[in-house]
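One-letter residues, chain by chain:
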Amino acid sequence: MTTQATLPRPAKPPARLRDPAWYQEYGVYAAVAVVLLFNALFTEHFLTADNLRTQLVQVAPIVIVALGMALVIGTEGIDLSVGSTMALAAALLPLYLGYGLVPALLIALLAGAVVGAINGTLVSLVGLQPIVATLALFVGGRGLALVMADGQLKQIVNPDILALGTGSFLGIPLVVLIAGVLALAVAFLVQRTTFGRQIVAIGGNRPAAALSGLPVKRVLIGVYILCGTMAALAGILATARLTASDPSSLGTLMELSAITAVVVGGTPLNGGSIRVLGTVAGAMLMQLLRATLVKHDLPDSTAQIAQAAIIVAAVYVARERRSR
């Protein structure tokens, strides 16, 4: 009588690695670590101080816009007008620099707040779907910016404005420092303030939030104003870094970059949760991935395909988590 040897079963991965919740919460950080490790091994001079500084400077405007987008998505909304808002702020900046630095900055930021107020009003009071309401200013905002700039690129020579794009404080680029401070401020807003808890509650269940007495319409308008103001700030910083106001191209596809950062960072598109640190990590992942492909002489189209694949994977993981 013979006995058959029992073949060993393949080892299963740890339970947490089979849980979609783990990937939604920590997957973006693991992906950033993998990209950094890959570059440390296979990309020359990638992890040098100068290159990392460049990556942080380039991603800072995306982080700022993505933070505002995360607040909007937390309410189960979307804002497609952030790129046009950046262009509008960039167009206004050189028009009012003759009145001084502070008035020019305030007017550019006010333009972003007005765009946000219009979006918020259309969503909360008129009742339009966020994608429809913000699509109108996605088209109209850039058109208005081009009219204000006469369709021309305008050089920026004001040293105070240029310092925002090229200056540093204690060795940290100002654009990076501003993005970091805003990330901390948004995290505090979401986790420690009544307004932040109202945002999450409205995104989780808007009818229930209204029935419980929360000021749903006021909160929605406030969230879109914040998003528009952050987009305008990103437009100012991008203009300062480029030393020119170019409304025809500034902020192009920024809405997609911001949405990608938010979704990859673990914030669900159906609202009710906001992951600030994940949003920052998501923006950094997209920037590092794009830079890695460029360093290895791959076309930008490859980066776009990889970005699309990551978005699909992130949405799939979020859907799997909700279905359990």
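Residues numbered from 1 in each chain as written. Predicted model: local features only at pLDDT ≥ 70, side-chain atom pairs only at ≥ 80, totals over all residues. Heavy atoms only, no water.

A. Expanded view of the overall build of the chain. Helices and strands together make up the secondary structure of the chain, namely 13 helices and four strands. Compactness check: the chain gives a C-alpha radius of gyration of 22 Å against a globular reference of 20 Å for 324 residues, within 12% of the reference. With respect to the principal axes defined by its C-alpha atoms, the chain has extents near 100 × 55 × 35 Å. Within the chain, the fraction of its 324 residues that count as buried is 47%. Surface exposure of the chain reaches about 16,200 Å², of which carbon and sulfur atoms provide 66%. Of the charged side chains in the chain, 20 are positive and 13 negative, and the gap between their average positions amounts to 13 Å. (Helix = DSSP H or I, 4+ residues; strand = E, 2+ residues; numbered from the N terminus. Rg over C-alpha atoms; globule rule 2.2 N^0.38 Å. Buried < 20%, exposed > 50% of the residue type's maximum accessible area, 1.4 Å probe, protein only. Areas by Shrake-Rupley, 256 points an atom, 1.4 Å probe, with all protein chains shown as cover. Lys, Arg positive; Asp, Glu negative; His and termini not counted. Charge placed at Lys NZ, Arg CZ, Asp CG, Glu CD.)

B. Quick peek at a nonpolar patch on the surface. Judged by side-chain polarity, L125, V126, L128, I131 and V132 come together as a nonpolar surface patch covering roughly 440 Å² of accessible area. The topology assignment puts V126 in helix α4 (residues 101-126). (Patch = residues over 30% accessible without salt bridge, like charges linked within 9 Å, V, L, I, M, F, W, Y side chains within 5 Å. Salt bridge = Lys/Arg side-chain N within 4 Å of Asp/Glu carboxyl O.)

C. Layout of the environment of I259. The residue I259 is located in helix α11 (residues 254-264) in this model. I259 sits in the buried class, given a relative accessible area of 16%. For the pair I259 and V65, spaced 194 residues apart in sequence, the C-alpha separation works out to 9.2 Å. Not counting residues up to four positions away in its chain, the partners in contact with I259 are M69, I78 and L80. (Contact = heavy atoms within 4.5 Å.)

D. Representation of the packing of aromatic side chains within the structure. Applying the stated rule across the entire model yields two aromatic pairs. Aromatic pair F38 and F42: ring centres 5.1 Å apart, planes at 45 degrees, arrangement tilted. Here the residue F38 and the residue F42 both occupy positions in helix α1 (residues 20-42), the gap between them amounting to four residues, near one helical turn. A residue is classified by how much of its surface remains accessible, and F38, at 35% relative accessible area, is partly exposed. Aromatic pair Y96 and Y99: ring centres 6.0 Å apart, planes at 35 degrees, arrangement tilted. For Y96, a relative accessible area of 29% corresponds to the partly exposed category. (Phe/Tyr/Trp six-rings, centres within 6.5 Å; stacked < 30°, edge-to-face > 60°.)

E. Summary view of the packing of helix α3 (residues 82-96) against helix α5 (residues 130-148). In the contact formed by α3 and α5, the axes pass within 8 Å of each other and the chain directions differ by 20 degrees. Taken together, the axes of α3 and α5 are roughly parallel relative to one another. The crossing of α3 and α5 is left-handed. The segment α3 lies against α5, with G83, S84, A87, L88, A91, L92 and L95 engaging L137, F138, G141, R142, L144, A145 and M148. Tallied by class, residues from the contact of α3 with α5 come to ten nonpolar, three polar and one charged. (Axes fitted to C-alpha atoms, helices over the stretch in contact; angles between N-to-C directions. Parallel < 35°, antiparallel > 145°, perpendicular 65-115°, else oblique. Left-handed = near helix turned anticlockwise from the far one by under 90°. Nonpolar A, V, L, I, M, F, W, Y, C, P; charged D, E, K, R; others polar.)

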